[in-house]
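Structural overview for review
The chain contents come next:
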Amino acid sequence: MHQNIVCQPPLNRRRRRRRRRRRHRNSLEITFPEAERSALVNMGRHFGDLAKVRHVITYSLSPFEQRAFPNYFSKGLPNVWRRFTGSFFKVAPPMILMYLTYSWGNSVHEQSKKKNLDDYAKDE
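Residues numbered from 1 in each chain as written. Predicted model: local features only at pLDDT ≥ 70, side-chain atom pairs only at ≥ 80, totals over all residues. Heavy atoms only, no water.

Let's talk about the overall build of the chain
- Scanning the chain from terminus to terminus reveals three helices and two strands.
- Across the chain, helices and strands are ordered from the amino to the carboxyl terminus as β-α-β-α-α.
- In the chain, buried positions account for 2% of the 124 residues.
- Accessible area of the chain: about 13200 Å², with a carbon and sulfur share of 56%. (Helix = DSSP H or I, 4+ residues; strand = E, 2+ residues; numbered from the N terminus. Buried < 20%, exposed > 50% of the residue type's maximum accessible area, 1.4 Å probe, protein only. Areas by Shrake-Rupley, 256 points an atom, 1.4 Å probe, with all protein chains shown as cover.)

Structure (structure tokens):
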């Protein structure tokens, strides 16, 4: 079962007595289970600020100071070509071999489904 926790800071004895008296007058006390309490504590925060992470340093740069496509044509396109040619000859031969095997298997299967007319030549 959930343990009910009162969302109030710990107080000294004198203040507790005063609070008890006030509580009886108002007779309204809101208690929350632990899961709801943590949700209420995080309510209103942005998604990136939900938890406090220590010993991690992050740096950011304003979007107005960044360049959207730096070195796109001078370094980006040659890099794409280099990576493509480096992996093409490793990937293409097995794929071509598998395609040829698949097409050969389909043609053999189609021919095996046909009747051989020589087997029925004596019946006529």
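Notes on the packing of aromatic side chains
- According to the stated counting rule, one finds five aromatic pairs in the structure shown.
- Between Phe69 and Tyr72, the aromatic rings sit 5.6 Å apart at their centres with planes inclined by 65 degrees, giving edge-to-face as the arrangement.
- Exposure remark for Phe69: the relative accessible area of 67% places this residue in the exposed category.
- Judged by relative accessible area, which is 42%, Tyr72 ranks as partly exposed.
- Where Phe88 meets Phe89, the ring centres are 5.2 Å apart and the plane angle is 85 degrees; that geometry is what we call edge-to-face.
- For Phe88, a relative accessible area of 37% corresponds to the partly exposed category.
- Taking relative accessible area as the criterion, Phe89 reaches 62% and is therefore assigned exposed.
- Here a set of aromatic residues connected by ring pairs shows up, and it is made of Trp81, Phe84, Phe88 and Phe89.
- One cation-aromatic arrangement involves Lys115 over Tyr120; the distance from NZ or CZ to the ring centre is 5.9 Å. (Phe/Tyr/Trp six-rings, centres within 6.5 Å; stacked < 30°, edge-to-face > 60°. Lys NZ or Arg CZ within 6 Å of the ring centre and 35° of its normal.)

Examining unusual backbone geometry
- Look at His55: it is not a glycine, yet its phi comes out positive at around 65 degrees.
- Relative to the assigned elements, His55 resides in the loop between α2 (34–42) and α3 (72–113).

Describing a nonpolar patch on the surface
- Side chains of Phe69, Tyr72, Phe73 and Leu77 sit close together on the surface and give an oily, nonpolar patch of about 500 Å² of accessible area.
- Along the polypeptide, Phe69 turns up in the loop between α2 and α3. (Patch = residues over 30% accessible without salt bridge, like charges linked within 9 Å, V, L, I, M, F, W, Y side chains within 5 Å. Salt bridge = Lys/Arg side-chain N within 4 Å of Asp/Glu carboxyl O.)

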